[in-house]
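# Summary of the model geometry
As a plain string of letters, each chain reads:
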Amino acid sequence: MAHIQCQQVTFCYPNEQPLLQNIHFTVEPGQWLTIVGASGSGKTTLLKCLKPELTPHGTQSGVITIDGQSLQTLTPQQSATMLGFVHQSPETQIVTDRVWHELAFGLENIGCTQQEIRKRVAEVAHYFGIHRYFHEETMHLSGGQKQLVNVAAILAMHPTVLLLDEPTAQLDPIAAKSFLHTIKQLQQELGLTVIIVEHRLEEVLPLSDRIVVLEEGKQLYDGTPQALAEAVTPQSRLYESLPIAARVAMSRQRQNIPLTIQQGQRWVRTQITDTTRFNEQTLPTRNPLVEAHELSFRYTPQAPFIVRNFSCTIYEGELLAIVGSNGSGKSTALKCISHLLIPQRGTVKLAGKKLTSYKANELYTTWFGILPQNPRTLFLHKTVQQELFDGIGADKHARIQQYIERFSIQHCLQRHPYDCSGGEQQKIALIKILTHAPKILLLDEPTKGLDPHMKKELIVLLKELQQQGQTIVLVSHDLEFCAAVSERCAMFFDGQLLAIQAPRPFFASNRFYTTAAHRLTYPHLENAITFEDVMSRC
Amino acid sequence: MSELSTYHPFVLCSFFVVLLACTMFFMHPVLLVISFVAAFTLLCRIKGKTAWKQLYWIVPVILLSAVINPMFSHNGEHPILYVNSNAITLEAIAYGFAIGTLLATMMLWCQIFQLTMTSDAFYYLCSKGSPTFALLLSMTLRFVPLFKMQLLQMIAAQRAIGQDVAQGSYIRRLRLAFRILSMMITWALEQAIEGADAMRARGYGDQKRTTFSIYTMTSQDRAALYALGTFIGLLVIMTLMDSTYYAYYPTFSTMQVAPLHLILYSGYALFFFIPAWQEGRFQKQWHIYNVSK
């Protein structure tokens, strides 16, 4: 008997076109269902329709049942306990100041006794290993830990269904993988039914039992992951989200598409015959623009040095990518270079002169343009139009207008900045910074929260900017992005920069901290690092 | 933090209420001095060497009080000198000292209270009174640092595009600050909506809530409560025996030095030093443990 059943579900917001049309699928108990679609296709709305407390206002027709019982007839108690919902942002879901209280919150709401709460909280804390930071304040946890606490808090209520809305969007790749595997473990060990909306199909596709594809509110596909790879064409928007093994194989065949790297390697060994090395392009000679010499920085005298003897030369007109794991101090290094933080030791020279000899306001308008990790923190006005044009001299208006057209965000101009999507917010922030034509663009984690389509757009934009002579330095933990866009790559580890090379030798010489394309084709193809490299040999 | 934080919040709270009340209501110099010394010792035990910095404000407060009181109060039978036909009396000076000591002691006990009562303990006490208020307290403690962090991030982001809140003309800075604040409020409201959704999804609603606490009453808590009960008994006896009463005007009362009263005063002192003794005991335990490793 089906656990959750959606029959002819249609939903529309008041006074708007129908958002969801005729959604029809069934989830067996203990199955993992992934809902996939481009942004705006209605997948979050569909997920929220499955949870009565979160269903948005609007008209809904069709029937959604859980265990044969319609969602409308569930009591508040049942609805809160049977269905657990994990939101996208780890930060906003946490409402109390201590981890132990967060775990107990849901149980308090449903009126459990002191003893009952104590036992369930202990049980769940033990299962997830949270007992190590049980008394910590929630604001001191990392993103991955916060999301884990959220899941644990929901599991303490003993749900039978877990609904997850892009839970790894705000997490770095390692935390994301760890999170998804924890959910898989829950599904397998407890038999939980999991319904998840995700972009990172590379990791999620092999874990799923069924896939539902939504496009503009209509259900395009409902079946197994293997068959999905057969149903998607290279022209559809979903193609970019598929795992690299699938995309590579789809160029030659329609059946038996490999989904994981391991399956893909078998395919590559038999199907790709041309194994010549790729030529390594010589780096063009450029003038040095920023020279950082043995910078060292720590926040307090008792703390360890975050940046230690960090030396780096940034050349004019290049695109330098600094990769490293989450929390390694890459952003701090960037701030030291740009004088936002003053290093305790070391010097930085900008165009031959010391950084301290520049005035602050000209430093940040004509020399450095800094895009923060969270572009939202840049916005101060009520409309995008005001945001871009307020307080800017008329001589720069033409340039802003040009950028608006090139980044194609005309439709956002009258909206509130917070109402725009993640990719649009980033474009707006980028224009704000490019207004003053800074010589060096510093981007801090530009791919956070972006889906694959937006990432592709960003790559094109950055490459265009570099063609026009803009110097760009970006800091990221997204290896595929860095391999595709950069001219030089450097690894940040233990406070220093290691191994500054062109992307091809950089990624080709690594075995695990490298792009999926390289992991897929090594050792068959010695130095393929991007999807395009692999495709050129198919 | 402090070793005393291991006690049950109810015990801690009762202790502090009683200690503060004794300090406030009894003007007897011996009792005041006992309270002051006990508070200072405890603070030294908790904070270590830095507690001696407190003397920087304690001594001025006491001296200031001793100087100001005689200027306004001219009662007393032992005038020292006359200023504009107003008598500066010995009693007034002594009373000034007493009031100064009282103020300083109150502040010291309040500081100790802040150091030993954690937010968890506050939460527990509030939850016994009003569960809704307790949840509100917990959420405030969560959101205030979060908002502060977001505000700092916004200021830093603006600084990185050349708009510094700390430099430039006043008007420009004020406008920038207002805009940042306004956007902060928008952001906070958005957070609130999403947070409210998350709370609703976890069953927060009109039904009755229970509260969870991480504290249990231990034998050391019970022992402390017995000590407190004994002390209240002692206080009753002292009041009946007139040991607590001391007047400064019209002149000093006679100091009670009969053995009975001395015993009562020592009992009082004993109780006041219990927290300092406990704090020292735990710290010594820890020190012994460290040394023996």
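Computed from a predicted model, the values in this text were never measured in an experiment.

### With respect to the overall build of chain B
Counting secondary structure elements, chain B contains nine helices and two strands. Ordered by position from N to C terminus, the α and β elements of chain B give α-α-α-β-β-α-α-α-α-α-α. The C-alpha radius of gyration of chain B comes to 26 Å, more than 25% above the 19 Å expected for a compact globule of 293 residues. For chain B, the C-alpha atoms occupy an extent of roughly 70 × 60 × 50 Å along the three principal directions. Taking all 293 residues of chain B together, 42% fall into the buried category. Here the analysis covers contacts within chain B between residues at least 6 apart in sequence; of these, 73% occur between residues at least 24 apart. Surface accessibility of chain B: about 15,900 Å² in total, with carbon and sulfur atoms responsible for 70%.

### Some points on the UniProt feature "transmembrane region" (unreviewed entry) in chain B
All names here are of chain B. When the UniProt feature table is mapped onto this chain, "transmembrane region" (unreviewed entry) is found at residues 15–43, 55–72, 92–110, 223–248 and 260–277. Between the C-alpha atoms that bound residues 55–72 the distance is 26 Å, and the span itself is 100% helix and 0% strand. Taken end to end, residues 92–110 has its terminal C-alpha atoms 27 Å apart, with 100% of it in helix and 0% in strand.

### Examining the packing of helix α1 (residues 9–25) of chain B against helix α4 (residues 90–116) of chain B
Residues and elements named next belong to chain B. For the pair α1 and α4, the least separation of the axes is 10 Å and the interaxial angle reads 175°. Relative to α4, the element α1 is oriented roughly antiparallel. Listed contacts from α4 to L12, F16, L19, L20, T23 and M24 of α1 are L102, T105, M106, W109, I112, F113 and T116. In the contact of α1 with α4, the residues fall into ten nonpolar, three polar and no charged.

### Overview of the interface of chain A and chain B
Counting from both sides, the interface comprises 55 residues of chain A and, opposite them, 49 residues of chain B. Around 4,800 Å² of area is buried between chain A and chain B when both sides are counted, 55% of it from carbon and sulfur atoms. In this structure, the connection of chain A to chain B is made through six salt bridges. A salt bridge links E190(B) to R376(A), with the nearest nitrogen and oxygen atoms 3.6 Å apart. The element best represented in the side of chain A that touches chain B is helix α4 (residues 99–109) of chain A, accounting for nine residues. In terms of residue class, the side of chain A that touches chain B is made up of 26 nonpolar, 18 polar and eleven charged.

### Describing the confidence of the model for chain B
The share of residues in chain B with pLDDT of 70 or more is 99%, and the mean pLDDT across the chain is 86. Model confidence for chain B, summarised as mean pLDDT per element, is weakest for strand β1 (residues 79–83) of chain B at 80 and strongest for helix α7 (residues 170–201) of chain B at 91.

### As for the nonpolar core
Core analysis: the biggest nonpolar cluster contains 63 residues, and L388(A), L462(A) and L474(A) have the highest contact counts within it. In terms of residue count, α7(B) provides more of this core than any other element does, seven residues in total. Not counting chain neighbours up to four residues away, the residues in contact with L474(A) comprise L319(A), L320(A), A321(A), I322(A), L443(A), L462(A), F481(A), C482(A) and V485(A).

### Things to note about the environment of A122(A)
Residue and element names in this part refer to chain A. Residue position: A122 is located in helix α5 (residues 114–128). Its relative accessible area of 44% is what places A122 among the partly exposed residues. C-alpha separation for the pair A122 and L103, spaced 19 residues apart in sequence, amounts to 9.3 Å.

### Notes on the sheet that holds strand β14 (residues 345–350) of chain A
Residues and elements named next belong to chain A. Taken in spatial order, the four strands of this open sheet run β12-β11-β14-β15, and their pairing is antiparallel. At either end of the open sheet lies a strand with only one pairing partner, and these are β12 (307–315) and β15 (353–354). As paired elements, β14 and β15 share two bridges and run antiparallel to each other. By the bridge assignment for β15, K349 is matched with K354.

### Some remarks on the side chain of N109(A)
By the secondary structure assignment, N109(A) is in helix α4. Of note is the side chain of N109(A), whose polar atom sits 2.8 Å from the side chain of R209(B). In contact with N109(A), not counting residues within four places along its chain, are M199(B), R202(B), G203(B), Y204(B), Q207(B), K208(B) and R209(B).

### Observations concerning the pairing of strand β20 (residues 496–501) of chain A
Residue and element names in this part refer to chain A. Looking at chain direction, strand β19 (residues 488–493) and β20 are connected through four bridges and run antiparallel. Considered in β20, the bridge of F493 is made with Q496. Hairpin remark: β19 followed by β20, antiparallel, with two residues in the connecting loop; positive phi at D494, about 55°.

### Here we look at the sheet that holds strand β16 (residues 368–371) of chain A
Residue and element names in this part refer to chain A. Taken in spatial order, the six strands make up an open sheet running β16-β17-β18-β13-β19-β20, and their pairing is mixed. Edge strands, defined here as strands with exactly one partner in the open sheet, are β16 and β20. With direction set aside, neighbouring strand axes in the sheet form an average angle of 20°. Strand contacts of helix α17 (residues 452–467): β13 (319–323), β17 (440–444) and β18 (471–476), with the helix running at about 150° to β18, the strand carrying the most contacts.

### A look at the pattern of salt bridges
Under the counting rule described, the total for this entry stands at 26 salt bridges over all chains. Among the ionic pairs, R142(B) bridges to E91(A), the shortest N-O distance being 2.8 Å. Of this pair, R142(B) sits in helix α6 (residues 131–159) while E91(A) sits in helix α3 (residues 90–93), on two different chains. Under the relative-accessibility criterion, R142(B) is labelled buried at 1%. For R415(A), the salt bridge goes to E424(A), with nearest N and O atoms at 3.6 Å. R415(A) sits in the partly exposed class, given a relative accessible area of 32%. Overlapping salt bridges, with partners in common, bring together E91(A), K146(A) and R142(B) in one network.

### Here's the deal with the UniProt feature "domain: ABC transporter" (unreviewed entry) in chain A
Residue and element names in this part refer to chain A. Here the UniProt feature "domain: ABC transporter" (unreviewed entry) sits at residues 4–241 and 290–519. The annotated region residues 4–241 carries 36% helix and 26% strand content, and the separation between its end C-alpha atoms amounts to 26 Å. Measuring from the first to the last C-alpha atom of residues 290–519 gives 34 Å, for a span that is 34% helix and 25% strand.

### A few points about the pairing of β18(A)
Residues and elements named next belong to chain A. The buried fraction of β18 amounts to six of the six residues, a majority that puts the element mostly inside the structure. Where burial is concerned, the two faces of β18 agree: the one with T471, V473 and V475 and the one with I472, L474 and S476 are both buried. Bridge count for β17 against β18 is five bridges, and the pairing is parallel. Within β18, the residue paired with L443 across the bridge is L474. This β-α-β element, β17 to α17 to β18, shows right-handed connectivity.

### Some remarks on the domain arrangement of chain A
All names here are of chain A. Assigned domains of chain A: these are domain 1 (4–223) and domain 2 (288–511). Its C-alpha centre places domain 1 at a distance of 34 Å from the equivalent point of domain 2. The partner domain 2 presents seven residues to the six residues of domain 1 that form the contact. Both sides of the domain 1 and domain 2 interface together cover about 580 Å² of buried area, and 58% of this is carbon and sulfur.

### Focus on a nonpolar patch on the surface
There is a patch of nonpolar side chains on the surface, built from L64(B), V67(B), I68(B), M71(B) and F72(B) and spanning about 540 Å² of accessible area. Judged by its relative accessible area of 36%, I68(B) falls in the partly exposed class.

### Examining unusual backbone geometry
Residue and element names in this part refer to chain A. For the peptide bond that leads from Y522 to P523, omega is -5°, which places it in the cis range. The residue H339 is not glycine, and still its phi comes out positive at about 70°. Within the fold, H339 resides in the loop between α12 (330–337) and β14.

Here is what the cut-offs are and how they apply
Residues numbered from 1 in each chain as written. Chains lettered and ligands numbered in written order. Predicted model: local features only at pLDDT ≥ 70, side-chain atom pairs only at ≥ 80, totals over all residues. Heavy atoms only, no water. Helix = DSSP H or I, 4+ residues; strand = E, 2+ residues; numbered from the N terminus. Rg over C-alpha atoms; globule rule 2.2 N^0.38 Å. Buried < 20%, exposed > 50% of the residue type's maximum accessible area, 1.4 Å probe, protein only. Contact = heavy atoms within 4.5 Å. Areas by Shrake-Rupley, 256 points an atom, 1.4 Å probe, with all protein chains shown as cover. UniProt positions renumbered as here; feature names shortened; annotations may be inferred. Axes fitted to C-alpha atoms, helices over the stretch in contact; angles between N-to-C directions. Parallel < 35°, antiparallel > 145°, perpendicular 65-115°, else oblique. Nonpolar A, V, L, I, M, F, W, Y, C, P; charged D, E, K, R; others polar. Buried area = accessible area lost by both parts, 1.4 Å probe. Salt bridge = Lys/Arg side-chain N within 4 Å of Asp/Glu carboxyl O. pLDDT = per-residue confidence, 0-100. Core = buried A, V, L, I, M, F, W, Y, C linked by side-chain atoms within 4.5 Å. Pairing = 2+ DSSP bridges. Polar contact = N/O pair within 3.5 Å; in protein donor to acceptor, adjacent residues only side chain to side chain. Right-handed = clockwise from strand over helix to strand, strands pointing away. Domains from an automatic or database assignment. Patch = residues over 30% accessible without salt bridge, like charges linked within 9 Å, V, L, I, M, F, W, Y side chains within 5 Å.

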